[in-house]
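Structural description and commentary
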Amino acid sequence: EIYSVDADKITQMKYTLGGVVYTFDRADSKSDWTYSEDTSLSLDQDTVDSMASTAASVSTKKVVQDNLDNSSEYGFDSPTFTLTITLSDGSAKTVTVGSENSVTSEYYAYVDGDNRIFTIDSDFLNSFTTADNLSSSDVSSYLNSSDSSY
């Protein structure tokens, strides 16, 4: 396990996928999530809570190397996905996901502050590809207009 935090302590999730930035905020675990780019959108809270649960813990399949040397070989010069979570105490965790290993279908990743390059299961990344399903049906066309694929 690379890191694990209490999902209830996450007050912000910001991720970049397919060149689009998505930011979700909440005051505390009892508050609803809002989509910062358009706070008027009514979000599916269960879906965003599910993403927060995924973001709260990053597990590795294996450590590839103990430093970030030659990180461009792993796709970090043009990341597939980046995620920053902010916790209620103000601390943050950032995960950068590089390219896919075509043999294992795992992705290379690293966490800021931890110089190891490791692989993660594609399920982690897939949890955040549902941006077009985050809102109620009357506004889903708005989110569908953004390319949320990678």
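Notes on the structure in this doc start here. Since the structure is predicted, the reported quantities are computational estimates derived from the model, not experimental observations.

Here we look at the packing of aromatic side chains
Considering all chains together, one arrives at twelve aromatic pairs under this definition. Three or more aromatic residues link up through ring pairs in this structure, and these residues are Tyr15, Tyr22, Phe24, Tyr35, Phe81, Phe124 and Phe128.

Focus on the pairing of strand β3 (residues 20–25)
Where strand β2 (residues 10–17) meets β3, six bridges bridge the pair, whose relative direction is antiparallel. Counted as the bridge partner of methionine 13 is phenylalanine 24 from β3. In sequence, β2 turns back onto β3 through a hairpin of two residues, with glycine 18 there showing a positive phi of about 60°. When β3 meets strand β4 (residues 34–35), the two strands line up antiparallel, connected through two bridges. Opposite aspartate 25, over in β4, you have threonine 34 as the bridge partner.

Cut-offs applied
- Residues numbered from 1 in each chain as written.
- Predicted model: local features only at pLDDT ≥ 70, side-chain atom pairs only at ≥ 80, totals over all residues.
- Heavy atoms only, no water.
- Phe/Tyr/Trp six-rings, centres within 6.5 Å; stacked < 30°, edge-to-face > 60°.
- Pairing = 2+ DSSP bridges.
- Helix = DSSP H or I, 4+ residues; strand = E, 2+ residues; numbered from the N terminus.

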